[in-house]
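# Summary of the model geometry
Chain by chain, the residues:
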Amino acid sequence: MTTLFGIRHHGPGCARSLLAALEALSPDVVVLEMPQDAEAMLIHAADADMKPPVALLMHEVERPERASFYPFAAFSPEWQAVRWALAKGVPVRCFDLPAAHAFALRQTAEPMAPRPDAFEWFARADGYSDGERWWNDRVEERSNDQDFFAAILEAVTALRSELAEPESRESLLREAWMRKTLRAVEKEGFTTIAVVCGAWHTPALSMKVKSSDDAALLKGLPKEKVAATWIPWTFERLTFASGYGAGITSPGWYDHLWSCRGDAMTTWLTRAARLFRKEGQDASSASVIEAVRLSNALAGLRGRPQPGLNESLEAIQSVFCQGDPLPLQFLNSKLLIGERMGELPEGLPKMPLQQDIESTQRRLRLKPAASVTPVDLDLREEGGRARSVFLHRLTALAVTWGHKERARTRGTFKERWVLQWKPELAVSIIDASAFGNTVETAAARRLVTLATTAPGLGGITEKLDLSLLGELPEATAALLLQLEAAAATSVDLTDLLASVPTLARIARYGDVRATDVESVTDLIRAFASRVNAGLLVAASGIDDMAAEHLSKAVSDHASAMILIDDRELAAEFHAVLGRMAEASSVHPKVQGRAVRLLRDAGALGDDLTARHLGFALSPGMPARAGADWLEGFLQGGGSLLVHDRLLLGLVDDWLKSLSPDGFQLVLPLLRRTFGGFSVPERTRIAANVASGTQAVATRQPMNLDLPRALPAVAAVARLLGLPEPS
Amino acid sequence: MNATVLRQHAEIAHAAELAALSAHDDRPRPPKWKLSPWAVTDYLLGGTLADGTVISPKYVGDRRIIEVAVATLATDRALLLLGVPGTAKSWVSEHLAAAISGDSTRLIQGTAGTSEESLRYNWNYAMLLAKGPSEEALVPGPMFRSMQDGRLCRIEELTRIPSEVQDTLITMLSEKVLPIPELSTEIQATEGFNVIATANSRDRGVNELSSALQRRFNTVVLPLPSSLEDEVEIVRTRVGSMSKALALPAEPPALEEIRRVVTIFRELRSGATEDGKAKVKSPSGTLSTAEAISVMTNGLSLAGHFGDGKLTAHDLASGMIGAIVKDPSQDPVVFKEYLETVVKERDGWKDLYRACKDQI
């Protein structure tokens, strides 16, 4: 005998009724609505260490991005059915269309327009506003489960025959496959068969269809190679809002209903009160009592046996929030949805890459969590560096567990990452596993492969950066070769400019054991001379956007030149900058920057700087150009003007020399430049102007007590690794 | 009741509906309630009974709001109705009291001058001087009497009452007792007693409820009507019933006229046109639905007494300007700008534009 149990995929009431029904029926086989090729994986559900929410991930072997998820929560009827069957030793069969066919079919099938929830009809007939609410009231939150499934079957049969909407081909195929498998199970000699499937499909299973018709329909289905694995899932991904088709509005509430069998409402409202208290809102125990009473009264008024989610929320709003709906938002992620994430037992068949990632996570004590977690890494410590390397390698693998944020503090030894584990990262891991079996090899292979398929200076440099930060020496070496080849054909100077800082970093801090520093330095030399040759042309006749970009790139290039410390190249670079400062065709912002760089490098005297400044800001110069020049000159903060009184004096003199009309003309432009400085900088500049800008002409010789200073100097020298002072 | 009464109490105006509801009401009623909570909800939201009696809707809006309010009263918790002026707080409170206790007259109007005596009891001073404190010398207030006979007592504008006076309510609401220390006795509330208070959310911060008192209330916020259709419907039914009561000689206004006034009010209130295409400045007043209703009745009376009995844009304009221009320095500018940018451009609104322009 076959008994049909029509369920909705995630519902505690269904799950509870199903368990009771299975207990009463004690079937000798349980048939589930899952792809037939997932059957072998279900055995793992018996493992006590498997903690839902988890999902069965099925993907094409060739293209792992084509994947389907079958999520289970503790309150999913299927999950409970599987656990029940495995505990009793009852075999479990899956009877839905195998994913191998489903994937192949999906490539050809026309996407169907999403159909409105069919249960809307019941809701409307019963005087409810929507199907979700109706199902909740009538099915999930009811307490007696007599004739529950017979009633569902009858209702859905009536609904499907009344609506008589055309089913999609996929749906028809699935139902034919289900009938076919069911017949096979019956033939195997099982006598009491329990079928657990979506309520919508139950009429199609009780319908009399000739087996030859089904066989004809299922003949010659296309096929793809498919693999299956378990992955941890989150409550957030079970919601409608996350785009999951069979989603529910409030997994947190369902989980609560499932795990708390006694007085669900009291504990629910107490949890809400505790969350409010954490947020600093008043929520006393007396309020909880009143909220429970109100929700009970509301349920009574609406003729419901027990208060449900809506009653609880209305009571919370009225009692805790003084009628204001806004504080309910506090409850959203923590209570209504829930931040739970599933766990998988050890030793589940996993892809080697996944195993490597997990073992590394354990080793580095970086626990994946569903919530957004900031992590600060101190790169001076072994652990911090190892974590940074691991996270960079994952980024190189496009497993975007976290992203790097600009560290709050100055200095290069700190990194701030923001981590959030999302279930769909499992797909990225499968995708990445095509490149290798450990994080290190896969990351290196992926970077190199991508660089080959998509050459281009900018892209290669970016990957080079990742390989450097991810400590992937082989990849670094390979990428350097590619960079050299690409540079030879590149015509865009900005790309060249952008790669020099990265190269300089490799030369300076790169892993000396594996990277051939000499070749990198050669490469930089080649790049730098190319930059020197083309910079003047590149800076001429460009628009504001390009100038902004270029002046930044030139600054980075200049600091890179300081890093590699090559006198000859530096001299050449300075000569180019000098020509740029003079050439009228160069954009004024870049000109300003060039003068500033020259001055900072000590290649331009104060008097010459003053001449450039005066020239650029002279009345004959268009006001706009003057302001651009000053902006380029003062780029990167006002600390220069704070500390360099001489420079401040120059700007001050120029300002004082302006006619009233001229002053009015440049005022808005100056405002733009100075507005970019921080407030303390501006305050100090103003104070310096007030106290007189003339630099102290001659410094008083310092009267030092040398014997007393010596120990301090020696200590500093030791810290910096310098020879002992005498 | 004689016909000269200007406005009937809810329980008298809707006596037939209440009687019909009571006759059909077979559900359990809380102690001393005239109707079951279901029937009270139906009375407020309207519907048709089994015998065809039509119950007119008293409140147009979300059913859940009324359900929470009725459920609150059924749990013997006090109810606080909160909202901006003109969102039918007093209206709902009156009808709730009429349906539940059959009496909406136990009313304390909250003002800055409301004293503890008006919340508790007063003394007949002649007798107090002659005989000293005694039961005969006691003059019970509405709250006192409601506690004695188990009915609902209404407090209007709770937040206008000074905070130190408000707190007198705490004992009555939590311990359901009104102590009379002068006679060393007390009044214990009987079943059926409860309090419905209304408060204006514009008054927030004036006489804020102490948190101890706040805790004794379940708060229900009455929102402004969510859709234009709802609001037009509210204005239409109210203007209809009021013009009947006031015996205005004009014919009831066309729906189109109501829609225009409601649209103007909604747009000025929300700061954007209904189609969401243009930004509009908001004047200082609240521009509630209640004010739209009074603009309509005002227009009707102008049309009836001074015009030809047909409501024209001119009859509406003066009332509208009176409702919108509350602050003589800023509001005229706001309204003029609105007239020029929005009203002028609308098809078929020319008459209204000219009428307003003439009078402002």
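About the thresholds
Residues numbered from 1 in each chain as written. Chains lettered and ligands numbered in written order. Predicted model: local features only at pLDDT ≥ 70, side-chain atom pairs only at ≥ 80, totals over all residues. Heavy atoms only, no water. Helix = DSSP H or I, 4+ residues; strand = E, 2+ residues; numbered from the N terminus. Buried < 20%, exposed > 50% of the residue type's maximum accessible area, 1.4 Å probe, protein only. Contact = heavy atoms within 4.5 Å. Expected span 1.5 Å × (residues − 1). Salt bridge = Lys/Arg side-chain N within 4 Å of Asp/Glu carboxyl O. pLDDT = per-residue confidence, 0-100. Core = buried A, V, L, I, M, F, W, Y, C linked by side-chain atoms within 4.5 Å. Buried area = accessible area lost by both parts, 1.4 Å probe. Polar contact = N/O pair within 3.5 Å; in protein donor to acceptor, adjacent residues only side chain to side chain. Nonpolar A, V, L, I, M, F, W, Y, C, P; charged D, E, K, R; others polar. Patch = residues over 30% accessible without salt bridge, like charges linked within 9 Å, V, L, I, M, F, W, Y side chains within 5 Å. Areas by Shrake-Rupley, 256 points an atom, 1.4 Å probe, with all protein chains shown as cover. Lys, Arg positive; Asp, Glu negative; His and termini not counted. Charge placed at Lys NZ, Arg CZ, Asp CG, Glu CD. Pairing = 2+ DSSP bridges. Axes fitted to C-alpha atoms, helices over the stretch in contact; angles between N-to-C directions.

When helices and strands are counted, chain B shows 17 helices and 11 strands. Counting over 360 residues, chain B shows a buried share of 50%. In chain B, the share of contacts with a sequence separation of at least 24, taken over all contacts with a separation of at least 6, comes to 71%.

Residues and elements named next belong to chain B. Between its first and last C-alpha atoms helix H13 (residues 255-270) spans 22 Å; for 16 residues at 1.5 Å apiece the expected length is 22 Å, and the two agree. Counting buried positions along H13 yields 12 of 16 residues, so the element is predominantly enclosed. Turning to H13, its buried residues are Glu257, Ile258, Arg260, Val261, Val262, Thr263, Ile264, Phe265, Arg266, Glu267, Leu268 and Arg269. Against the buried residues of H13 lie helix H12 (228-245), helix H14 (289-306), helix H15 (313-324), helix H16 (331-343) and helix H17 (350-359). Positioned one or two residues after H13, Gly271 has a phi angle of 80°, which is positive.

Moving on, we come to the pattern of salt bridges. Opposite charge on two side chains lets them pair, provided their charged atoms get close. Evaluation of the coordinates by the stated rule reveals 47 salt bridges over all chains. The partner of B:Arg29 in a salt bridge is B:Asp25, with the nearest N and O atoms 3.6 Å apart. As a salt-bridge pair, B:Arg64 and B:Asp62 come within 4.0 Å of each other at their nearest N and O atoms. The exposure class of B:Arg64 is partly exposed, given its relative accessible area of 32%. Taken together, the salt bridges that share partners define one network made up of A:Arg302, A:Glu311, A:Glu314, B:Asp42, B:Asp62, B:Arg63, B:Arg64 and B:Glu67.

What follows covers the confidence of the model for chain B. Residue and element names in this part refer to chain B. Predicted confidence across chain B gives a mean pLDDT of 87, with 98% of residues reaching 70 or more. The least confident element of chain B, judged by mean pLDDT, is H12 at 81; the most confident is strand S7 (residues 152-156) at 94. Both confidence scores are given for the complex: pTM 0.65, ipTM 0.77.

With that out of the way, let us pick up the nonpolar core. Formed by 95 residues in total, the largest nonpolar core has its most connected members in A:Trp401, A:Leu503 and A:Met580. If near-sequence neighbours (up to four positions away) are discounted, A:Met580 is found in contact with A:Leu535, A:Leu536, A:Ala539, A:Val586, A:Val590, A:Gln591 and A:Ala594. Residues A:Val288, A:Ile430, B:Ala39 and B:Val68 belong to the second largest nonpolar core, which totals 81 residues.

This part covers the interface of chain B and chain A. Each partner contributes to the interface: chain B provides 19 residues, whereas chain A provides 20 residues. When chain B packs against chain A, close to 1600 Å² is buried across both sides, 56% of that on carbon and sulfur atoms. Taken together, chain B and chain A are joined by four salt bridges. Between B:Glu67 and A:Arg302 there is a salt bridge, with its nearest N and O atoms 2.3 Å apart. For the pair chain B and chain A, the number of links is seven residue pairs in polar contact (both at pLDDT 80 or more). Of all the secondary-structure elements, those providing two or more residues to the side of chain B that touches chain A are helix H3 (37-45), helix H4 (63-74) and strand S11 (217-221) of chain B. If you tally residues by element for the side of chain B that touches chain A, the top one is H4(B), at six residues. When its residues are assigned to classes, the side of chain B that touches chain A shows eight nonpolar, six polar and five charged.

Residues and elements named next belong to chain A. Where like charges cluster on the molecular surface, the positive patch consists of Arg274, Arg277, Lys278 and Lys334. Considering every element that reaches the positive patch, the biggest residue donor is helix H11 (residues 264-278), with three residues. Here Lys278 lies in helix H11. Residue Lys278 is classed as exposed on the basis of its relative accessible area, which comes to 73%.

In this section: helix H32 (residues 706-720) of chain A. Taking 1.5 Å as the rise per residue, H32(A) with 15 residues should run 21 Å; its terminal C-alpha atoms sit 20 Å apart, in good agreement. Within two residues after H32(A), A:Gly721 carries a phi angle of roughly 70°, on the positive side.

Residue and element names in this part refer to chain B. Taken in spatial order, the five strands of this open sheet run S4-S7-S10-S3-S11, and their pairing is parallel. Two strands close off the open sheet at either side, each with one partner strand: strand S4 (107-109) and S11. Mean inter-strand twist for the sheet, computed between neighbouring axes without regard to direction, equals 20°. Where strand S3 (residues 78-83) and S11 come together, five bridges link them in parallel fashion.

Turning our attention to a nonpolar patch on the surface. A surface patch of nonpolar side chains, amounting to about 450 Å² of accessible area, comprises A:Val716, A:Leu719, A:Leu720 and A:Leu722. Among the secondary structure elements, A:Val716 is positioned in helix H32.

This part is about the environment of A:Val576. All names here are of chain A. Looking at the secondary structure, you find Val576 in helix H24 (residues 567-582). In sequence terms Val576 and Ala594 are 18 residues apart; their C-alpha atoms lie 9.0 Å from each other. Once residues lying within four places of it in the same chain are set aside, the contact partners of Val576 are Asn532 and Leu535.

Residue and element names in this part refer to chain A. Pairing within the open sheet is antiparallel, and its three strands lie in the order S4-S3-S7. Looking at the sheet topology across the chains shown, the edges are occupied by strand S4 (67-72) and strand S7 (226-232). Across the sheet, the axes of successive neighbouring strands diverge by a mean angle of 20°, strand direction being ignored. Along the sheet, helix H17 (residues 425-432) contacts strand S3 (54-60), S4 and S7; its crossing angle with S3, the most-contacted strand, is approximately 35°.

A separate point is the pairing of strand S10 (residues 414-419) of chain A. All names here are of chain A. The buried fraction of S10 amounts to five of the six residues, a majority that puts the element mostly inside the structure. Sheet topology note: the strand S8 (residues 373-378)/S10 ladder contains six bridges and is antiparallel. Looking at S10, one finds that Thr373 is bridged to Leu419. Where strand S9 (residues 402-405) and S10 come together, four bridges link them in antiparallel fashion. Each bridged residue has a counterpart across the sheet, and for Gly402 the counterpart in S10 is Leu419.

Below, the discussion takes up the environment of B:Val235. Residues and elements named next belong to chain B. Within the element layout of this structure, Val235 appears in helix H12. Between the C-alpha atoms of Val235 and Arg259, which are 24 residues apart in sequence, the distance is 9.0 Å. Those residues in contact with Val235 that lie beyond four places of it in its chain are Ile258, Val262, Thr289, Ala292, Ile293 and Met296.

A few words now on the pairing of S7(B). All names here are of chain B. Among the five residues that make up S7, five are buried, leaving the element largely enclosed by the rest of the structure. Side chains of S7 alternate between two faces, with Leu152, Arg154 and Glu156 and Cys153 and Ile155 buried alike. Where S4 lies against S7, three bridges are found, and the strand directions are parallel. Looking at S7, one finds that Ile108 is bridged to Ile155. Where S7 and strand S10 (residues 194-200) come together, four bridges link them in parallel fashion. Within S10, the residue paired with Arg154 across the bridge is Ile196.

To continue, consider the side chain of A:Thr202. Assignment of secondary structure puts A:Thr202 in helix H8 (residues 202-206). In this structure A:Thr202 comes out as buried when scored by relative accessible area, which is 1%.

So, on to unusual backbone geometry. In this model, A:Pro52 is joined to A:Pro53 through a cis peptide bond whose omega is 5°. With respect to the helices and strands, A:Pro53 occurs in the loop between strand S2 (29-35) and S3. A positive phi is found at A:Glu471, a non-glycine position, where the angle reads about 50°. With respect to the secondary-structure elements, A:Glu471 resides in the loop between helix H19 (457-469) and helix H20 (473-489). Owing to a relative accessible area of 41%, A:Glu471 belongs among the partly exposed residues under this scheme. In this structure, B:Glu157 takes a positive phi of about 55° despite not being glycine.

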